[in-house]
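The lines below spell out each chain.
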Amino acid sequence: MDATNIEKLITMPKKVLKAPPKDFKQDNQHLRKDFTLQSTEGDLQFSAFIRRHIDFQENFSIGLDFHPAGEKEIPLIRCNGNHGEVVENLLKPNPHLDYHIHILKTEDIEQEIRKLSLEGITKEYDSLEKALQYFIKRVNIQNINDYFDLNPMLFNNL
Amino acid sequence: MKEILALLQQQSNQKIGLREKRPNIWQVIIPFYHEDGDMVEVFITPVGSLYRICDYGLTLMRLSYSYELDTPNKERIFNTIISSYNIQNEKGNLYIDIETDHLYPALMQFIGTVLKVSNMRLYKREVIQSLFFEMLDEFIQTQLAKYQPQKDYYPLPNMPEYKVDYCFNHRKVPIYLFGVNGAATARLTVISCQKATARLTVISCQKFIIEKIKFRSMSVLESLDCLGKKDQSRLMSVADKVFPEFNEFEKTGDEYIARELDLLS
């Protein structure tokens, strides 16, 4: 899988297949919501998750996994909050401290370790609700309004 | 050697810091990273005369992106990891309280533990699945010993590739038990059962099968999600009984075998 195919998987139009629960569920010290997606063409299967720490609201992650038929899932992208330092090169770290995005890179596939790498810091969002809006747009979920009320006021009540 | 030591001491001095996350909660800035580049999230906060090194539940939150602690085996491994390093768990918050004199080594141990927990998803095949068979064996050899189970039974003497994990065979019609912890073993189970079933249609083996390979089969899954839907379907189409979780087998396996043997006797 090359970068073009990875980007195609991330951006291909998708629809929510299994509706997420209305409310976030508390699990240990975080809130969570999980839902499944399917490409509008080709019936490819995906899953998505939202996590947010209960006390540290800047600690969140929204992710998309691809589920190839009969194989283990492959993480494609995660939109993270400003939870702490992040580096691109583990051995020659040049730390960043900001909202950032992890993405699957070709070398990750080649190593078959199913990890993500740092795509970069981002100014696309600075909160969970804006990150979710960005994520929905980037991964191209078309019927999201049937399942999510993206009114920021709702997130403030978390 | 002195040169290397000096380099390490010099570099380590420059590589540790603290950032105030919240009042009296300090995030440790230290070059230990997860594989995706995120720094390990560790905090220090004063607790009386001690310091508490903790993660505020962020290790388990991170783990939940790709892995669930949703079986007793997984919880057991998780608890073994943290207790081995004297780490406490309070509603997902991993922590250790330590005197000031031992703060640095405790911090290093804590980070090591966090990384081990974070990599639990990599243990799935190597550790957790092998534990499943250990637990299955322990349960059968103790709780089901009264049925005289025979481990690693070969119904077809000249075909060792068709192994039954356990045979409860002291009655006329034996019960074959297969442990299944993944698609590979499920397929093996299917192949074994299909092979025996297929033999029923082979005239040359009919007498042998009727006399020697009449059996009931049951499969015990480590968990239902260890199989994809197609493998679940394959398994359920050939097995007489499927226990979808090891827990379920622990609860009702004894009663089921007793009932089956009673019916078959």
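Refer to the structure printed above.
The model shown is predicted, which means the values in this text are computed figures rather than measured ones.

**A word on the pairing of strand E3 (residues 30–39) of chain A**
Residue and element names in this part refer to chain A.
Alright, step 1. In terms of burial, E3 is largely enclosed, as 8 of its 10 residues are buried.
Alright, step 2. Relative to E3, strand E1 (residues 14–18) is paired through 4 bridges, and the arrangement is antiparallel. In the strand pairing of E3, Lys 14 is matched with Ser 39.
Alright, step 3. As defined by bridge partners, strand E2 (residues 25–27) adjoins E3 across 3 bridges and the pair is classed as antiparallel. Note that in E3 the partner of Gln 26 across the bridge is Leu 31.
Alright, step 4. Hairpin connection between E2 and E3: a loop of 2 residues separates the two successive antiparallel strands, and Asn 28 in this loop has a positive phi of roughly 55°.
Alright, step 5. Where E3 and strand E4 (residues 45–53) come together, 9 bridges link them in antiparallel fashion.

**Some words on helix H8 (residues 229–238) of chain B**
Residue and element names in this part refer to chain B.
Alright, step 1. Among the residues making up H8, those that are buried are Asp 231, Gln 232 and Leu 235. With its buried residues spanning 105° around the axis, H8 presents them on a single face. Of the exposed residues in H8, the ones pointing more than 90 degrees away from its buried face are Lys 229, Lys 230 and Ser 237.

**Topic: the sheet that holds strand E2 (residues 25–29) of chain B**
All names here are of chain B.
Alright, step 1. With antiparallel pairing, the 6 strands of this open sheet are ordered in space as E1-E2-E3-E4-E6-E5. Strands at the two margins of the open sheet, each flanked by one partner only, are strand E1 (17–22) and strand E5 (88–90). Mean inter-strand twist for the sheet, computed between neighbouring axes without regard to direction, equals 35°.
Alright, step 2. Here 2 bridges tie E2 to strand E3 (residues 43–47), and the two strands are oriented antiparallel to one another. Looking at the pairing, Trp 26 lines up with Ile 44 of E3.
Alright, step 3. Strand contacts of helix H4 (residues 103–118): E2, E3, strand E4 (50–54) and strand E6 (93–98), with the helix running at about 15° to E4, the strand carrying the most contacts.

**Concerning the environment of Gln 57 of chain A**
Alright, step 1. As for its position among the elements, Gln 57 of chain A is in the loop between E4 and strand E5 (60–67).
Alright, step 2. Linking Gln 57 of chain A and His 30 of chain A, residues 27 residues apart in sequence, is a C-alpha distance of 9.7 Å.

Calculation notes
- Residues numbered from 1 in each chain as written.
- Chains lettered and ligands numbered in written order.
- Predicted model: local features only at pLDDT ≥ 70, side-chain atom pairs only at ≥ 80, totals over all residues.
- Heavy atoms only, no water.
- Buried < 20%, exposed > 50% of the residue type's maximum accessible area, 1.4 Å probe, protein only.
- Helix = DSSP H or I, 4+ residues; strand = E, 2+ residues; numbered from the N terminus.
- Pairing = 2+ DSSP bridges.
- Arc of directions from axis to C-beta.
- Axes fitted to C-alpha atoms, helices over the stretch in contact; angles between N-to-C directions.
- Contact = heavy atoms within 4.5 Å.

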